[in-house]
Amino acid sequence: MKVNTQAINFNAEPQLLEFIQKKMNKLELYYDKVIQSEVYLKVEKRSNKLNKIFEAKINIPGDSLVVKKQCKSFEEGTGIAIASLQRQLKKRKEKIRENF
C-alpha cells in the first residue's frame, strides 16, 4: 500500500517513515480494498509533553476512515491509531459480509 506521509513543522527521519509504512501495510491484512492512505505528522509548540499528533486517513470504496491521536511520540501515536483503524476495518468487513 502506498502511504503519503507529510510532516508538518518538522523534518521526519527516514526511520520514522519506514516504521509508519510498515505498520500501515499491516492494515491490508484486515481489508484488502484500501484505495489510498495519507498520514499527517504534526508537532505543536506547547509545554505539554503530548505535543505530537498522528493523523491517518484511509480511503476505501464508498467511505474514508480518519483517526487522529495525540501522544508523547509518533511511534506511540502510530500504534494507537493503527489499532483503531484495524477495529474500524474489521467492522466494515463484517458489515459487508452481513449484507451478502
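For the structure itself, consult the block above.
What comes next is a walk through the structure.

Cut-offs and rules
- Residues numbered from 1 in each chain as written.
- Predicted model: local features only at pLDDT ≥ 70, side-chain atom pairs only at ≥ 80, totals over all residues.
- Heavy atoms only, no water.
- Helix = DSSP H or I, 4+ residues; strand = E, 2+ residues; numbered from the N terminus.
- Buried < 20%, exposed > 50% of the residue type's maximum accessible area, 1.4 Å probe, protein only.
- Areas by Shrake-Rupley, 256 points an atom, 1.4 Å probe, with all protein chains shown as cover.
- Lys, Arg positive; Asp, Glu negative; His and termini not counted.
- Charge placed at Lys NZ, Arg CZ, Asp CG, Glu CD.
- Expected span 1.5 Å × (residues − 1).
- Contact = heavy atoms within 4.5 Å.
- Pairing = 2+ DSSP bridges.
- Right-handed = clockwise from strand over helix to strand, strands pointing away.
- Axes fitted to C-alpha atoms, helices over the stretch in contact; angles between N-to-C directions.
- Core = buried A, V, L, I, M, F, W, Y, C linked by side-chain atoms within 4.5 Å.

Side note on the overall build of the protein
Moving on, step 1. Looking only at helices and strands, one finds 2 helices and 4 strands in the protein.
Moving on, step 2. Taken from the N to the C terminus, the helices and strands of the protein come in the order β-α-β-β-β-α.
Moving on, step 3. Reported as C-alpha extents along the three principal axes, the dimensions of the protein are approximately 50 × 25 × 20 Å.
Moving on, step 4. With 100 residues in all, the protein has 31% of them scored as buried.
Moving on, step 5. On the protein, roughly 6500 Å² of surface is accessible, and the fraction owed to carbon and sulfur atoms is 47%.
Moving on, step 6. Between the averaged position of the 21 positive side-chain charges in the protein and that of its 12 negative side-chain charges there is a distance of 4 Å.

Re helix 2 (residues 74-99)
Moving on, step 1. With 26 residues, helix 2 extends 37 Å between its outermost C-alpha atoms, agreeing within 8% with the 38 Å of an ideal straight helix rising 1.5 Å per residue.
Moving on, step 2. Considered for burial, the residues of helix 2 that qualify are Phe74, Gly77, Thr78, Ala81, Ile82, Ser84, Leu85, Gln86 and Leu89.
Moving on, step 3. Along its buried surface, helix 2 packs onto helix 1 (14-25), strand 2 (36-43), strand 3 (52-60) and strand 4 (63-71).

Quick word on the pairing of strand 2
Within a regular strand, side chains alternate between the sheet's two faces.
Moving on, step 1. One ladder, built from 6 bridges, connects strand 1 (residues 3-8) with strand 2; its direction is parallel. Bridge pairing in strand 2 places Ile8 opposite Lys42.
Moving on, step 2. A crossover links strand 1 with its parallel partner strand 2, the connecting element being helix 1, and its sense is left-handed.
Moving on, step 3. Where strand 2 meets strand 3, 8 bridges bridge the pair, whose relative direction is antiparallel. Of the residues in strand 3, the one forming a bridge with Ser37 is Ile58.

Focus: the sheet that holds strand 3
Moving on, step 1. Pairing is mixed in the open sheet, where 4 strands are placed in the order 1-2-3-4. The outermost strands of the open sheet, each flanked by one partner alone, are strand 1 and strand 4. Averaged over all pairs of adjacent strands, the angle between strand axes in this sheet comes to 10°, irrespective of strand direction.
Moving on, step 2. Taken together, the 9 bridges between strand 3 and strand 4 define a ladder with antiparallel strand orientation. Across the sheet, residue Lys52 finds its bridge partner in strand 4, namely Cys71.
Moving on, step 3. Those strands touched by helix 2 are strand 2, strand 3 and strand 4, and its axis lies near 150° from that of strand 4.

Some details on the nonpolar core
It is characteristic of soluble globular proteins that their nonpolar side chains tend to be buried jointly.
Moving on, step 1. Core analysis: the biggest nonpolar cluster contains 20 residues, and Met24 and Val39 have the highest contact counts within it.
Moving on, step 2. When residues of this core are traced back to their parent elements, those giving at least two are helix 1, strand 2, strand 3, strand 4 and helix 2.

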